[in-house]
Each structure stands twice: as structure tokens, then as C-alpha cells.
Amino acid sequence: MFKTLYVRDAFQCEEGLEVELIGWIRSKRRHGKLIFLDLRDSTGIIQVAVKHGVADNESFMKALDIGLESSVKVKGRLKKDPRAPGGLELHCNHLEIVGPSLEDFPIKKGVGLKFLLDNRHLHLRSPRVAIIMKIRATLMDIARRWLRENGFVEVNCPTFITAAVEGGATLFKVDYFGKPAYLTQSVQFYQEAAIYSLEKVYSLQPSFRAELSRTRRHLTEFWHLEVEMAYADLYDIMKVIEELVYAIVNGLNKESEREIRTLGRELRPEMAEPPYPRIRYSEALQILQSKGVNINWGDDFGADEERILSKEFSKPFFVTHYPKEAKAFYHMPDPSNPSVCLNADLLAPGGYGEIVGGGQRIHDYNLLTERIRENNLNPEEYRWYLDLRKYGSVPHSGFGLGIERMLWWLLHLPHIRSACLFPRTPARVYP
Ligand code: ATP
Ligand code: MG
């Protein structure tokens, strides 16, 4: 069964044309001998008028009886009508049911959030969800294109791992044929191995974190765009981050403008135009303390701190040079002040907070071994990672960008889970 015409294309057709549309019934209204059906497909919604006499009797009876979300084929003529949404409607001659709804469609106006999440497999039919998923796909496509055009090679890394990247607390343990293994939190270490042959690499795949912090910005499974680059220091990688984020915002503004507008949002590329403000951790700490936040040197910023801090900015901004105890062992200490590291987080303005985390990695074998020990980790467990520093090590840097975080910020979603087809959070692995 081939689909001949999409709803969006029907709006480009001449009035009076006889067409067949295939879709799902989103709503139904009856005015005596006239039934209005809203027909939805992946491209839009059109009003279908089923009038007794214009439609054959059997079709009229089917329309009278039809359950919401049934799939149908409708044949008829396109007619302009200023009262119809979009100014066009389809006058039905014949209606055929492809797959009826066997029961009342459970998603109705006014149902609660939990119900919608429990029924996400059905809620996906909402045009709003579909629009967010289209924007998401475009965002990933723009990022990939930009990276490819700038000489980065896409690599695909394993999901089962044995060594933690971001610390043990958020590792998901799995039984790997009787031995412990974990789900990856980041593919950074594998990408670091790949730069010795490919120099500039990226990957786009899920990361898993057993985050018990129930914030509006944490998932337990998220899509992670990670980049690693040989011969790049902190400032080189910050430039890559700025340009990539700008390319995404600018690209979405061009390629998804209509969808973004439908969500009631507008992207202004100026708001993401480089260069971005850069502040050091010590300055960020002062800002927070001046706002009465109880935080001390050495503490990492959590969602609350970042919310307060990022309300002070109208553009994405970098926070750099965190105390080494607030960051993972692989971060390069600043040679001019080894108590801080050469790292950079990119925070989205307006209360959203971190969307990118990155920085320069330690490339010296002895220093890395020392930092592993200082963190009470066992160098033996990082043997292959340390090996990378034994043979032709070079300065290198990288970062990770959360796809759902980016959408959460750009679309001003109420919660990060709205950016996922099927969100995974501590309380939810179903459906
Ligand atoms: P946070 O402090 O918000 O937990 P993080 O410092 O743990 O973030 P990184 O380890 O630097 O984050 O990961 C890189 C990027 O991955 C983050 O900037 C963010 O965009 C995304 N990210 C990290 N953890 C999550 C999560 N639990 N859910 C969704 N996205 C995440
Ligand atoms: Mg985290």
C-alpha cells in the first residue's frame, strides 16, 4: 500500500482536485447530517467534511461510528473554506477504515502527566510530541554535518565497559557472563584511543548514568554527542564548542523554523553567536556567594547553583578552571595553578545551566598515574587508558554535549524528558 499524498502536500494542491489521503482520526464533531473529522498524518492535519449525500451512505455510517485514532483512507475533493484550519478541507466521497480503534482512545484532554507518561506509546501521536522529535532529528543531523565538514570522523564506541569515566556513583552495573561490567557514562576514553589514528573524532550514542538526583535536567539514559581532538588545548576546544553550538542554533533556525514557531518559540541566532563570555570557577563562586548561596571553594555546582548563576547571563557562557577535587581525575591541571584544572563547562543562559562539559586531558603518563592514585583509584584498572600515554602521547581535549539538554534549553521544555521518545528516569523504565 503506497501513500500517494501527504496532508502537507494537499495544502499545495488546486481546489477541486480529487485526492486520497491516508491518516489517523484525531477528532470528530457532528452537526446533523455533516460530520467533521480531523485527519492527521506525519506532515499535518486537515479537516475532512463527511456530508450525507456527498459521501456514500456506507462511508457516512462509518464516520458516524468511527473511534478516535482509527486509521483511514479518505477519497474526496479539496475545497477552500475560510472556516477550516489552514483554509482548506477535504469533502469526502468515500471513507475506508484501515485499522479501527478497538476501544476508546485513552489520551483525552485533561489527563494527568503520570497518565501521559504511562501511555507514552500512545501520547507520541500528539502533534506537539511529533514536532519535538522532528526538531531533535534535525538537530542531530546539523551537528553531524558540521562535525563532518570540519574534519571530524564519526566513531562508534562500546556500551559495555569495565572502567568508570565519571566516577563510580552513577554506574549501572550489569552481569557480563558472571563478571561485573557497566553501562557507559561517556565514550571519552575510547575516543581518546581513537585520536592516535584519526586525530579528530566524534560519536553520537547513548550514555547511562544512575542519577538519583531528580532534577528537570537529568535522565538515566541520554544521547551524548562527544568530541575528542588531538593537538588541541583548552582554548582550542572551547572554540570548537562555541562554533558547534552556534551552528546548531543557526541551523535549527533555518531548517526547523516552522516547527519551532508551532511550539511558540523563536530562535534568534544572535543569542548564540560566539564569542561566549568566559568566567572562572572562582568568579562564579563569588557571584553565587554574593547571592547568598552557601557554597565553598571546592564544591561542584549542582543544578540549583547553575540555575542561579545562569540567570545572570543572556548568552551561553563558559565556566572554566574548576578546583581539581570537583572534577574527574583525567582533567589537566593548570600548570600556573595546579589546584585548578583546564576544563570548561558551557552553561545555557536563563536558568538552564550545563549543556556541555569538557576540557583538556592529562597526556603525561606519570601525572595521570599520580592523579589516579590521588583519587583512590587503582591504576591497574586503567591500564589500557594509561597505555595511550606510553606511545607518542600528544596534548588533546574534548567535550560532551547532551542532546536532550540542548533541546530542553532551546525549546524551553518544562522537563528534559519531553525531549525523548521514551524517557528513562529513576522512576521510569516503562513503556
Ligand atoms: P551535571 O552536572 O548536570 O550532572 P555532568 O557534569 O555530570 O552534568 P558531563 O559528565 O560533563 O556532565 O557530561 C557532558 C554532558 O552530558 C553534560 O553537559 C550534559 O549536557 C549531558 N548530561 C550529563 N548527564 C546527563 C544526564 N543525567 N541526563 C541528561 N544529560 C546529561
Ligand atoms: Mg552529572
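Asks: I'd like a rundown of the pattern of salt bridges, residues and numbers included.
Replies: Applying the stated criterion across every chain, the model contains 28 salt bridges. Across the salt bridge formed by Asp-104 and Lys-108, the nearest N and O atoms sit 3.5 Å from each other. When its relative accessible area of 63% is taken as the criterion, Asp-104 is described as exposed. Salt-bridge contacts for Lys-324 lead to Glu-374; the nearest nitrogen and oxygen are separated by 3.8 Å. Of the two residues, Lys-324 sits in the loop between β13 (317-320) and β14 (333-334) while Glu-374 sits in helix α11 (residues 365-374), which places them 50 residues apart along the sequence. The partly exposed category is assigned to Lys-324, whose relative accessible area is 28%. When its relative accessible area of 41% is taken as the criterion, Glu-374 is described as partly exposed. Taken together, the shared-partner salt bridges in this structure form one network comprising Arg-40, Glu-69 and Arg-125.

Asks: Outline the site of ligand 1, listing residues and values.
Replies: The local shell around ligand 1 holds 16 residues, among which Arg-209, Arg-217, His-218, Glu-354 and Ile-355 are the closest. When isolated, ligand 1 has an accessible area of 580 Å², and the protein chains bury 89% of it. Of the residues assigned to the shell around ligand 1, the class counts are five nonpolar, five polar and six charged.

Asks: Tell me about the sheet that holds strand β17 (residues 353-361), and please be specific about residues and values.
Replies: On the basis of which strands lie adjacent, the open sheet formed by eight strands has the order β6-β10-β11-β18-β17-β16-β13-β12 and mixed pairing. If you trace the sheet from one side to the other, it starts and ends with β6 (153-154) and β12 (278-280), each paired once. Bridge count between strand β10 (residues 200-208) and strand β11 (residues 221-230): nine bridges; the pairing is antiparallel. Bridge pairing links Leu-204 to Leu-225 in β11. Helix α5 (residues 127-149) contacts β6, β10 and β11 of the sheet and is inclined by roughly 10 degrees relative to β11. Its contacts with the sheet place helix α7 (residues 234-255) against β11, β12, β13, β16 (343-348), β17 and β18 (396-402), and it is angled at close to 30 degrees to β18.

Asks: Outline the environment of Asp-300, listing residues and values.
Replies: By the element assignment, Asp-300 lies in the loop between α9 (281-290) and α10 (303-310). Of the residues examined, Asp-300 reaches a relative accessible area of 39% and is grouped as partly exposed. With 26 residues separating them along the chain, Asp-300 and Ala-326 place their C-alpha atoms 5.1 Å apart. Discounting chain neighbours no more than four positions away, the residues touching Asp-300 are Ile-295, Tyr-322, Ala-326 and Lys-327.

Asks: Can you lay out the pairing of β17 for me, pointing to particular residues and giving the numbers?
Replies: Burial runs high along β17: seven of the nine residues are buried. Between β16 and β17, which pair antiparallel and follow one another directly, the connecting turn spans four residues, one of which, Gly-350, has a positive phi of 75 degrees. Looking at chain direction, β17 and β18 are connected through six bridges and run antiparallel. Considered in β18, the bridge of Gly-358 is made with Phe-399.

How each quantity is defined
- Residues numbered from 1 in each chain as written.
- Chains lettered and ligands numbered in written order.
- Predicted model: local features only at pLDDT ≥ 70, side-chain atom pairs only at ≥ 80, totals over all residues.
- Heavy atoms only, no water.
- Salt bridge = Lys/Arg side-chain N within 4 Å of Asp/Glu carboxyl O.
- Buried < 20%, exposed > 50% of the residue type's maximum accessible area, 1.4 Å probe, protein only.
- Helix = DSSP H or I, 4+ residues; strand = E, 2+ residues; numbered from the N terminus.
- Near = heavy atom within 4 Å.
- Areas by Shrake-Rupley, 256 points an atom, 1.4 Å probe, with all protein chains shown as cover.
- Nonpolar A, V, L, I, M, F, W, Y, C, P; charged D, E, K, R; others polar.
- Pairing = 2+ DSSP bridges.
- Contact = heavy atoms within 4.5 Å.
- Axes fitted to C-alpha atoms, helices over the stretch in contact; angles between N-to-C directions.

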